[in-house]
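The residues making up each chain are set out below.
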Amino acid sequence: MNFNPKANEIKENIESKLSRNFGASPADATREQVYKAVALTLKDILTEKRKDFKNEVNEKGAKRIYYMCMEFLLGRSLRTNLCNLGLADEYKKALSEMGFELDDLYECEPDAGLGNGGLGRLAACFMDSLSSLDYPATGFSICYEYGLFKQMIVDGMQIELPDVWLPGGDVWLVPRTDRTFHVKFGGHVKEQWTDGRCEILYEDCEEIEAVPYDMMISGADSKAVSQLRLWKARDIHNFNMGLFTQGQYTKALEESTNAEIISKVLYPSDNHTEGKLLRLSQQYFLVSASCQSIIRDHMAVYGRLDNLPEKVAIHINDTHPALCIPELMRILIDQYFFDWDKAWDIVKRTVSYINHTVMPEALETWNEDLFRLKLPRIYMIIKEINERFCAEAWKQFPGNWNRISGMSIIAYSQIRMANLSVIGSHHINGVSKLHSDILVDSVFKDFHRMYPERFTNVTNGIAHRRWLCYSNPGLASFIENLIGDGYRHNPIELENLKKFADDKSVLSELSEIKHQNKVNFSNLLMKKTGKCIDPDSVFDVQIKRLHEYKRQLLNALNIINIYCDLKENPNLDIKPQTFIFGAKAAPGYAMAKEIIKLLCFIGRDIENDPILRKKLQVVFLEDYNVSMAEALIPAAEISEQISLAGKEASGTGCMKLMINGALTIGTLDGANVEMLAAAGDDNMFIFGLNKNEVEDLWLRGYRSAEYYANNPRLQRIIDRLNIGFAGQSFAHIGSYLLSGHGIADPYMCFADFESYRMTHERAIDIYGDKEAWNRMSLMNIASAGYFAADRAINDYAEKIWNLRRLDK
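Residue positions are given per chain, counting from 1 as you read along its sequence in written order. In view of the model being predicted, local features appear only for residues whose pLDDT reaches at least 70, and side-chain atom pairs are presented and counted only at 80 or more, with totals across whole chains, interfaces and linings using the full set of residues. The side-chain figures draw on all heavy atoms in the structure; neither hydrogens nor water molecules are used.

### Quick look at the pattern of salt bridges
Salt bridges, as used here, are contacts in which a Lys or Arg side-chain nitrogen is within 4 Å of a carboxyl oxygen on Asp or Glu. Tallying each qualifying case throughout the model produces 49 salt bridges. Here E56 ties to K60 by a salt bridge, and the two come within 2.9 Å at their closest N and O atoms. Of the two residues, E56 and K60 both sit in helix α2 (residues 31-60), four residues apart, roughly one turn of that helix. A residue is classified by how much of its surface remains accessible, and K60, at 51% relative accessible area, is exposed. As a salt-bridge pair, D297 and R296 come within 2.9 Å of each other at their nearest N and O atoms. Here D297 falls in the buried class, since its relative accessible area comes to 18%. Strands here mean DSSP runs of E at least two residues long; helices mean DSSP runs of H or I at least four residues long; both are numbered from the N terminus. Here's how the labels work: a residue is buried when its accessible area is under 20% of the maximum for its type, exposed when over 50%, partly exposed in between, all with a 1.4 Å probe on protein chains only.

### A word on the sheet that holds strand β16 (residues 410-411)
Two strands pair if DSSP finds at least two bridges between them. In space, the three strands of this open sheet follow the order β15-β17-β16, with antiparallel pairing throughout. Among the strands making up the open sheet, the edge pair consists of β15 (365-367) and β16. With two bridges connecting them, β16 and strand β17 (residues 414-416) associate as antiparallel partners. Looking at the pairing, I410 lines up with I415 of β17.

### Here's the deal with the state of the cysteines
In plain terms, two cysteine sulfur atoms within 2.5 Å form what is called a disulfide here. What the rule picks out here adds up to zero disulfides. Its sulfur unpaired, C654 is 12 Å from the next cysteine sulfur, which belongs to C125.

### What about the environment of I492?
Its location among the elements puts I492 in the loop between α21 (473-483) and α22 (504-529). Looking at I492, the relative accessible area reads 36%, which means it is partly exposed. Linking I492 and K656, residues 164 residues apart in sequence, is a C-alpha distance of 15 Å. Residues are treated as being in contact if the distance between any of their heavy atoms lies within 4.5 Å. Not counting chain neighbours up to four residues away, the residues in contact with I492 comprise G785 and Y786.

### A few points about unusual backbone geometry
Within the chain, D134 stands out as a residue other than glycine whose phi angle is a positive 65 degrees. Looking at the secondary structure, you find D134 in the loop between α6 (118-132) and β4 (137-142). Relative accessible area serves as the criterion here: at 8%, D134 is assigned to the buried category. Phi is positive for D318, close to 70 degrees, though the residue is something other than glycine. Structurally, D318 can be placed in the loop between β13 (312-317) and α12 (324-335).

### Section: the nonpolar core
To qualify as a nonpolar core, a set must consist of buried Ala, Val, Leu, Ile, Met, Phe, Trp, Tyr and Cys residues joined through side-chain atoms within 4.5 Å. With 213 residues, the main nonpolar core has F285, L323, F371, I479, F521 and W801 as its most contacted residues. With near-sequence residues (within four places) excluded, I479 lies in contact with L468, G484, Y487, L494, L497 and I781. By size, the runner-up hydrophobic cluster in this structure holds 67 residues, among which are L612, L737, A751 and I764.

### A closer look at the packing of aromatic side chains
Put simply, two rings from Phe, Tyr or Trp (the six-membered ring, in Trp's case) pair if the centres are within 6.5 Å, and we call them stacked under 30 degrees between planes, edge-to-face over 60, tilted for the rest. The full count for this structure, using the stated rule, is 20 aromatic pairs. With a centroid separation of 5.0 Å and an interplanar angle of 75 degrees, the aromatic rings of Y767 and W773 are classed as edge-to-face. Across the pair, W773 and Y767 agree in class, each one buried. Measuring from ring centre to ring centre gives 5.2 Å for Y786 and F787, while their planes differ by 90 degrees; the resulting arrangement is edge-to-face. By relative accessible area, which is 1% here, F787 ends up buried. By definition, being over a ring means that NZ of Lys or CZ of Arg is both within 6 Å of the ring centre and within 35 degrees of the ring normal. Seen from the ring of F725, R720 lies directly overhead, with NZ or CZ sitting 5.4 Å from the centre.

### Overview of α22
For a helix, the expected span equals 1.5 Å multiplied by the residue count minus one. Look at α22: 37 Å from first C-alpha to last across 26 residues, which is about the 38 Å you get at 1.5 Å a residue. Within α22 the residues assigned to the buried category are V506, L507, L510, I513, K514, N517, K518, F521, S522 and L525. Note on α22: the residue one or two positions beyond its end, G530, has a positive phi of about 80 degrees.

Right under this line is the structure:
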């Protein structure tokens, strides 16, 4: 197959797909049909490239990485694949000759919303870099029928609607019904000894078929094509015709429907037993099907499993896939009859674990009785792992039952996934230097004392080609005119921009590019929502999952402060500012939803004031997703990274904004610390308490009321919350900050408010000096190369996976 077709061949291929799949010609085809035809031609190229690459991997006996994650926030694939393959211009020419615009086809594709935020987007960025760097890689997740949810804002309240992505997204999927596997749930497990071997028998279990759907992940100018294998659940017995012929139609459909629920929705609500059981089922379904697939492919090439750690690396992205550890043990012991010690040695040398959070509620635990009921064999294996570990820990910490209890996988009728992940992995890494330090100093302190060699750090990175080269072509072209295009494959070369820091013409052009991006985003927002924003105002952006620790509320308090200043003095001479938020709140997270409502009502109140809205705007982007981010991030000027110090593991949105020239207002948290070291103190706006100061303040006794009593601005803000916005009082948020239902202001918004306010004012003052601002912007772009996923993947390959690029 020709991997570099010209326009005439592309036209023939598209016409063939239209005729064969839709019975249409270019003259009568719809735009959606042409989009799908284009996608099918690209899928053919990617599938063929994948076959060639896989054959070479097998011939060379190369080690492979398997990346397991419950979510992959991919966004759209068409533009990325065309750009990675270097075919965008030829396809644009071919489609133009057929009477279609490529940009219009991009809009036909739904976002593949198989993720929630940083976790899923990081996984997608890593798959892009694995392909681009020619590493043999496969990702595993679930083929959710519905993504997280579509967010609708009704009278300020978030409403969750089904996120239907498959009708347009399934064109990229390759069904592999020849590679199905069975996954067992529930029932009873019995041990039966035969010829000196222990056979495991399952009785009355529920058996579900896992059907793989493969998506090809292209790399930039590479020979590698990675594979994302998504599992769909299917009832193994299919349709019950007997019940149907008896007239029991609902009952006939019930069995297959129950099985298919597993791959229905990403992250079902787990505030009830049924939701918890479904989440547990999803996690085991993912790891069981994936581990069986890994073992099958390995055996097909090597015919033996004792060399698994030399040929296979399995990386679990957070604790959701932690059950791959006991599942691998089950396969090795029950199906291939390895003894325990040999099997455990293989598993430990194969699996590694990336931790993404220090938040206690995110360190997953399962009720022991529920777990034993749903996964009886896996429970038996975890119990054995735990007993052996506790015996080992006793030797390390003799007589210290409290410490060993804290490290145990099973304790107080709970099964702890984070502890299982640490015990069963050869490496554990955090995702920023600060985060990794917190892991070894507090979260996993005792494990670090026991296994110091297992802990390391790999700071997150972003797919810089997607987020700079493809999303911001004006800036990318500008950079290439200055330093060449080497940064596309070696992002550290962005440092060469620093020599232009005092070039006025360069800084002026950089400013013009940013302004044009702001105009483009303003026009897009008007087209999609009818909202009008001023492209001459400062674009201040906070885009991340809505959570109290990320402190969108602190941002809101500062906006209310500016609002009050303008209400008291409408003629106040300030630079017009537009605050833009994009975030989804978990369906059961009441406070997060209240913060969304507050932001929406502040924005509504301002819009109703013809004087105020000339100087201040607040926009909440409904159903914020990857495609919206690709338009907004190039236009952003201020990047809000304001989490309470010690709470954010890393963040990747901060890196996307940095590489596009936005200036960070942030705390010394997560990746901000390393971004500051890279860009320099003069090029970021740091405020607030650091991690140690936060801890000291908690120990002394944090009382938000003291900050309130000593700050007239906070008093005025609380008064305004009580009065409300656009006729809606938010007195309950004021009470949350002052008295709370346990701890008032648990994320210290009041403690950091004054520092944040003054830092924000300083940023706006500097914005008035365009040359100084543009110089800072250029220095941020020049310092962002380290935060590319290419660097992160090379770190993983060298420090953790022991993986080699195929061309090495």
